[in-house]
Amino acid sequence: MVVADQWQGRGLGTALMRHLIDIARARGIDRMYSADMAENADMRELAMHLGFRVRAEPSDASLVVYELPL
């Protein structure tokens, strides 16, 4: 999911992610993952706000992986 710059800061990313989480749970998915650039502070903040755990991507230091058990 990508939110265009002019739409950031309005809660759209949070609303979309919550909707995706709800859909995943309803479909019986037990875990969500996201791989993002380690420097993306906005994504890190959103992921932490939504309860995702973060870990480094061992094969690429420029990436982190976010994981949310559902």
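Conventions adopted
- Residues numbered from 1 in each chain as written.
- Predicted model: local features only at pLDDT ≥ 70, side-chain atom pairs only at ≥ 80, totals over all residues.
- Heavy atoms only, no water.
- Pairing = 2+ DSSP bridges.
- Helix = DSSP H or I, 4+ residues; strand = E, 2+ residues; numbered from the N terminus.
- Axes fitted to C-alpha atoms, helices over the stretch in contact; angles between N-to-C directions.
- Contact = heavy atoms within 4.5 Å.
- Salt bridge = Lys/Arg side-chain N within 4 Å of Asp/Glu carboxyl O.
- Patch = residues over 30% accessible without salt bridge, like charges linked within 9 Å, V, L, I, M, F, W, Y side chains within 5 Å.
- Areas by Shrake-Rupley, 256 points an atom, 1.4 Å probe, with all protein chains shown as cover.
- Buried < 20%, exposed > 50% of the residue type's maximum accessible area, 1.4 Å probe, protein only.
- Expected span 1.5 Å × (residues − 1).

A sheet is described by the order of its strands in space; here three strands give the open sequence β1-β3-β2, paired in antiparallel fashion. On the outer flanks of this sheet lie β1 (31-37) and β2 (53-56), each paired with one strand and no other. Across the sheet, the mean angle separating the axes of adjacent strands is 25° when strand polarity is ignored. Relative to strand β3 (residues 63-69), β2 runs antiparallel, the two sharing four bridges. The residue bridging Val-54 from the neighbouring strand is Tyr-66, located in β3. Along the sheet, helix α2 (residues 41-49) makes contact with β1, β2 and β3, crossing β3 at roughly 20°.

Before going further, it helps to spend a moment on the environment of Glu-57. Locating Glu-57 in the fold gives a position in the loop between β2 and β3. Measuring from C-alpha to C-alpha, the distance between Glu-57 and Gly-13 comes to 23 Å, with 44 residues separating the pair along the chain. Apart from the residues lying within four places of it in its own chain, the contact partners of Glu-57 are Leu-63, Val-64 and Val-65.

Let us now look at the pattern of salt bridges. Inspection of the entire model under this criterion finds one salt bridge. For the salt bridge of Glu-67 with Arg-31, the shortest nitrogen-to-oxygen distance reads 2.6 Å. With Glu-67 in strand β3 and Arg-31 in strand β1, the pair connects residues that are 36 residues apart, well separated along the chain.

This paragraph deals with a nonpolar patch on the surface. Taken together, the side chains of Met-1, Trp-7, Leu-12, Leu-16 and Leu-20 define a hydrophobic patch exposed on the protein surface, amounting to about 460 Å² of accessible area. Owing to a relative accessible area of 38%, Leu-20 belongs among the partly exposed residues under this scheme.

Over its 15 residues, helix α1 (residues 12-26) runs 21 Å from end to end, which matches the ideal 21 Å to within 8%, given 1.5 Å per residue. Those residues of α1 that are buried lie in contact with β1, α2 and β3. Backbone geometry just after α1 places Gly-28 at a positive phi near 80°.

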